[in-house]
Structures are given as structure tokens and as C-alpha cells.
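Below are the chains, spelled out letter by letter.
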Amino acid sequence: MADPTSLLHQPSREEDPETPSNNLYHSLDQIIEQSEASFGWNQFLQSILVSLASLFDGTQTFISVYTDATPTWHCSSDTTTCNTSSDICDLSTSDWAWDSVSSKTIISDWNLQCSSSFITGLPASSYFMGGVIGGLLLGTLADSSLGRKRLLVISCITMSVAAFATIFSTNVWIYSALRFASGIGRSSISTCVLVLLMERVGRKWRPRVGIMQFFFFTLGFLSLPAIAYINRANSWRALYLCTSIPAMFYCLFLHFFVKESPRWLFMNGRGEEAITVLKKSAASKPIISELNSLLCAEDLRSKAAESTKSSDPYKSMKELFAKKWAMKRTLVVMVLGFGIGMVYYGMPLGVGNLGFNIYLSVMFNALLEIPSYPLTLIILEKWSRKFSVLWFCLVSGICGVVCAVVGDQQKVIRIVLELASFFCSRTAWNLISMFTVELFPTCVRNSATSLLRQSYILSAVFSSMLVSVGSSSGFLSYGVFGVAIFVSGFFVAFLPDTRGGTLCDTMDEQERKENMILG
């Protein structure tokens, strides 16, 4: 790949060098390109600290696979009415018993084994619904008053404290309410992490750093089978204890050691703080000496003034729907997020319905995410975002539908198809997430990415309910998941490709860039 700093000395085909606001030396993207031409220890440590938030997000997202599952049981009497194929709801309580402690999951702890699918699926749905509502309420604040870092800190604290409080639940209603609160907290974590990572580096490092958010989320997901296996003889409360306390300690490191996005700082009139952040990661002393004059350029100052005119915290959300091109992009990425999320969340949550070992199946799903990251990097650097997203959506959908129609006796084939569908959905999500960051300017980037995330989480609300229904009908879960991602994939045709482009900072700058490309 060409050295990105070479682009500083020649105008891009996408930008007009005669227009002052488009001058390369007056572009915030090029300033960051200069100051962060290399990826040193400072950037690496900052990226690790920010990405750790996704690790704890991953544990809380999939913890219900173990805490809300129906445990295995056995017949405790020699009566002919009790056998392995019996429905425990038709048996006397004296005829059967749980294989482990009665408090292993909420189902056995609160005797929910004969409750409706609405009751058993309520905690997981409440968690994801909290994510949807929280994202709509909080996501845009990262673009306006709070910034990326402060919203990330607030979100992590809320999620971890609510997870800890879940330990003291006495019934499914209190438990669901606390899961809802935890969902509100985690709603902005992935969005803030991804945007904060990608805004701090130039185009060369953007895909490589952005992928760290997904990798750490997978580490959190992958840690769950190990934590659950170690605590397999304990109450479900032990899982929440083991995952919430480290998250609360992490919040302290996040608050004191993580730096804010220099893009957001400058766009909100805090240029001196932006300079300080960029100086710490600048590649050379000559660049450090130039930062003050570059950042104080007249056109960049006007950008900051323009972005801070309104005190409306939801200004960025309104701007997304005020411009026709922005509204079209927003709606398209939301449709894609919903379809991809149906498979990504639905497949792991429903592995218990496949009749396969739950510890191994969840571990296989988590491990399969890891190879999706180098594949994502290769695609982002070499191939079209649009066609790659389309291809992975179509393959995932086909595998999901076939998995639904294969008979229950073909357990190995079903788990292979489930893993293939999940892998493709994970890769598609990696691509569309980073694609969305590039599609929108700094002033609305977090809001747009948040809306993508909320559509993704909204799909999890439906998929978790379908998993409960799908215990008796495979097509109502895996079949629906496959159809959803297959159809949504075609919507990517309405988006422009962004490979090799720069990040814009204002809506007007984004429009000018698009007009030059089309012209």
C-alpha cells in the first residue's frame, strides 16, 4: 500500500485544490494523516484501553445463553410415565429433578420451565430493547454535548453497575428490569469505541485499528464458555459477579487514561485540547511544530464555529434526516443492520435448539469470529465494500434457510450450516460498521453509526423471541433469520463505495465531495 503521507503533496481526484475549504493542508483528515503517519506505542495503548470496553460488552450481550437456559434434568423415580422424551410439565415434581443445583439458571431457580415463551424470552428481549431505546436517547450526545469518551464512560458504568445489581434479583420481573437498564448502558459502547478508534488515525491505519473493536467483543464472547464451565456447579448469579466486577474497575482506567477524539474536540471549539492529543502521537518534531498553525487555519476555525452554533443536543440526528442523501444512506444502513443482526444474534442464542453441546457450540461460534477479522482487513484494503457486504449477506441467508429445513437427525450438518451462516453475518457486520463510519461526516458520524447499531439491536429483540418460538419450529427461527439477511443484502446497492476516500467533517464538505465524484 502506498505511503499515505505522499498524498499530502498532490491533490486527490476527489478534491478540488482550488477550493480553500478543500485544500489538503486545511483538511483535518490530512492533519491527522500527518501527525499519525506511524502507529506508535501511544496510539496502541490508547486503542487497547478503548477496545476493552467491547470485551465487557460482549460478555453481557451473550451471558443469557447460560443464565437463561433450561437446564438438563433426569427422572428421579422408576415410574413408566417418566422418560427422556417426556414433557416435564406433564410430570409430577416428584418424578424428575434437575441434573445440577436448582439455582443454575433463572429457569430452574424460579420454576419457569413451564412458563410461556414470552416469559422465558423476556429478559433477553428486555436487554436488547434497552439497547434500542438507549441508543436513540444517548447516541447523538456523542456528537454534541458529551463527546465520544464521556458517553463511553457513562455507558460502561451504567452497564456494569446494572449487571452487578442483577445478582440481587428475586423474580423474573426485577431481573428483566435490570437487564433493560444494563441494555440502556451498553447501547452506545460499540458505537463510541468504533468511532473513537477510527477518528484518531489516518486512512492507512483506519481498518486495522477499527477491527480491534470487533476483536475485543469476540474475546468477551469467547470468555463466556470458560467462565460458565468453571461455574457450572454454581448459581447463575456467579456469572454476573465474575463479569460485572472487572468491568467496574475498568471504568476507572477508561476515565483517567483514555483521550478524547481530536476530530470531535476541534469540531466543538476545543482546538487546544485537540492539538495536545495530536502532539502526543505525532510522528516527528517538524509535524509537531506545524500543528498549531494547521489547526488554527481559518477554514477549520469556521467549521468549529459552525458546528457549535446550536445548543440542541439532537441537532446531529435531525441533520441526518434533513438532507435527502443522508436520509437515504441512514435508512439503507439501518435495513442492512437489521437483517445482519437477525443472524448474528439469533444463531448463537438459538444453538440450544439444535440439540448440540451448548458449551462447544457457543465456543465454536465465538472462535469462528476470529478469522473474520483478517478477512475483513483484506477486503477493506483490496475490494469493494458494497459487493463484499452483498456476497456475505447472500451466503449467510442461504446457509440459514438450509439449516432450518435440514432434519433434526442431521445435527452435525445443522451445526456446520449454523456456523457458516454466523461467520458470514459476522464478516458482513464488520464491513458495514466500518463502511458506515466512512459514509458520514464527523458532525453526524456517531449518530449515524448509532442508528445502524440500534437497528442491529432491534433485530436482536425479535430474534430472541423467535428463538423461544423456534424451539418447536426450526423455520420460525433459523429460516426467518436466513430470509432476513438475504433480502437486506440487496439494499447495499443504494450506497456509494468509499474505498480509498478521506473522512469529511461537515455536511457541506460531504456534499461537495459527492458532487465532485458524480460530476
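Residues numbered from 1 in each chain as written. Predicted model: local features only at pLDDT ≥ 70, side-chain atom pairs only at ≥ 80, totals over all residues. Heavy atoms only, no water.

### A few points about the overall build of the protein
Counting its secondary structure elements, the protein contains 23 helices and two strands. Residues counted as buried form 56% of the 519 residues belonging to the protein. When contacts within the protein are restricted to residue pairs at least 6 apart in sequence, long-range pairs at least 24 apart make up 81% of them. (Helix = DSSP H or I, 4+ residues; strand = E, 2+ residues; numbered from the N terminus. Buried < 20%, exposed > 50% of the residue type's maximum accessible area, 1.4 Å probe, protein only. Contact = heavy atoms within 4.5 Å.)

### Some details on the packing of aromatic side chains
Inspection of every chain in the model, using the stated rule, returns 28 aromatic pairs. Plain terms: the ring middles of Trp110 and Tyr175 are 5.8 Å apart, the flat faces sit at 70 degrees to each other, and that makes the pair edge-to-face. Of the two residues, Trp110 is situated in the loop between α4 (106-109) and α5 (117-138) and Tyr175 in helix α7 (residues 172-186); the sequence distance between them amounts to 65 residues. Under the relative-accessibility criterion, Trp110 is labelled buried at 16%. Classification of Tyr175 as buried rests on a relative accessible area of 0%. Taken together, a centroid distance of 6.1 Å and an interplanar angle of 80 degrees make the contact between Tyr175 and Tyr240 edge-to-face. (Phe/Tyr/Trp six-rings, centres within 6.5 Å; stacked < 30°, edge-to-face > 60°.)

### Quick look at helix α10 (residues 237-257)
With 21 residues, α10 extends 31 Å between its outermost C-alpha atoms, agreeing within 8% with the 30 Å of an ideal straight helix rising 1.5 Å per residue. Taken together, the buried positions of α10 are occupied by Ala238, Leu239, Tyr240, Thr243, Ser244, Ala247, Tyr250, Cys251 and Leu254. (Expected span 1.5 Å × (residues − 1).)

### With respect to the pattern of salt bridges
If you walk through the whole model with that rule in mind, you get five salt bridges. Between Arg453 and Asp57 there is a salt bridge, with its nearest N and O atoms 3.8 Å apart. Taken together, the residues span a long stretch of sequence, with Arg453 in helix α21 (residues 442-469) and Asp57 in helix α2 (residues 41-62) at a distance of 396 residues. Asp57 carries the same exposure label as Arg453, and that label is buried. With a shortest N-O distance of 3.0 Å, Glu438 and Arg385 are connected by a salt bridge. Linking Glu438 in helix α20 (residues 411-439) with Arg385 in helix α19 (residues 385-405), this pair joins segments that are 53 residues apart in sequence. Residue class for Arg385 comes out buried when judged on its relative accessible area of 3%. In this structure, a network of salt bridges that share partners links the residues Asp57, Arg186 and Arg453. (Salt bridge = Lys/Arg side-chain N within 4 Å of Asp/Glu carboxyl O.)

### Some thoughts on the nonpolar core
One finds Phe62, Ile340, Tyr344, Tyr345, Ile432 and Leu495 to be the most contacted residues of the largest nonpolar core, which totals 84 residues. Looking at this core element by element, the count peaks at twelve residues for α20. In this structure, Leu495 is in contact with Arg329, Val332, Val333, Leu336, Lys386, Ile432, Phe435 and Leu439, ignoring residues within four places of it in sequence. (Core = buried A, V, L, I, M, F, W, Y, C linked by side-chain atoms within 4.5 Å.)

### Describing the state of the cysteines
In the structure shown here, the tally under the stated rule is zero disulfides. As a non-bridged cysteine, Cys403 has Cys399 as the owner of its nearest cysteine sulfur, 8.9 Å distant. Using a relative accessible area of 0% as the deciding quantity, one classes Cys403 as buried. For Cys424, which is in no disulfide, the shortest distance to another cysteine sulfur is to Cys399 and amounts to 5.9 Å. (Disulfide = S-S within 2.5 Å.)

### Considerations on α2
Here α2 spans 32 Å end to end across 22 residues, near enough to the 32 Å set by a 1.5 Å rise per residue. Among the 22 residues that make up α2, 16 are buried, leaving the element largely enclosed by the rest of the structure.

### Points about a nonpolar patch on the surface
There is a patch of nonpolar side chains on the surface, built from Phe215, Leu360, Phe364, Leu367 and Ile370 and spanning about 360 Å² of accessible area. Broken down by element, the nonpolar patch gets its largest block of residues, three residues, from helix α17 (residues 358-369). Looking at the element boundaries, Ile370 is found in the loop between α17 and α18 (372-382). Using a relative accessible area of 31% as the deciding quantity, one classes Ile370 as partly exposed. (Patch = residues over 30% accessible without salt bridge, like charges linked within 9 Å, V, L, I, M, F, W, Y side chains within 5 Å. Areas by Shrake-Rupley, 256 points an atom, 1.4 Å probe, with all protein chains shown as cover.)

### Remarks on the packing of helix α6 (residues 147-165) against α7
Close contact between α6 and α7 brings their axes to 7 Å; oriented N to C, the two are set at 160 degrees. As summarised for this structure, α6 and α7 are arranged roughly antiparallel, according to the angle between their axes. Here α6 and α7 pass one another in a crossing that is left-handed. For the pair formed by α6 and α7, the contact residues are Ser155, Thr158, Met159, Ala162, Ala163 and Ala165 on the first element and Leu178, Ala181, Ser182, Gly185 and Arg186 on the second. Looking at the contact of α6 with α7 residue by residue, the classes come out as six nonpolar, four polar and one charged. (Axes fitted to C-alpha atoms, helices over the stretch in contact; angles between N-to-C directions. Parallel < 35°, antiparallel > 145°, perpendicular 65-115°, else oblique. Left-handed = near helix turned anticlockwise from the far one by under 90°. Nonpolar A, V, L, I, M, F, W, Y, C, P; charged D, E, K, R; others polar.)

### Looking at the side chain of Thr59
For Thr59, the location among the structural elements is in helix α2. Leaving out residues up to four positions away in the same chain, Thr59 has contacts with Gly220, Phe221, Ser223, Leu224 and Thr243.

### Things to note about the confidence of the model for the protein
Averaged over all residues, the pLDDT of the protein equals 78, while 79% of them reach at least 70. Residue range residues 1-26 is modelled with pLDDT below 50. Its contacts to residues more than four positions away, or to other chains, number 42 contacts. (pLDDT = per-residue confidence, 0-100.)

### Side note on the environment of Arg270
Examined against the element boundaries, Arg270 turns out to sit in the loop between α11 (262-267) and α12 (271-280). Overall, the relative accessible area of 28% leaves Arg270 in the partly exposed class. Discounting chain neighbours no more than four positions away, the residues touching Arg270 are Arg150, Trp264 and Leu265.

### Section: unusual backbone geometry
One non-glycine residue, Asn111, lies in positive phi territory at about 55 degrees. Mapping Asn111 onto the fold places it in the loop between α4 and α5. For Asn111, a relative accessible area of 55% translates into the label exposed.

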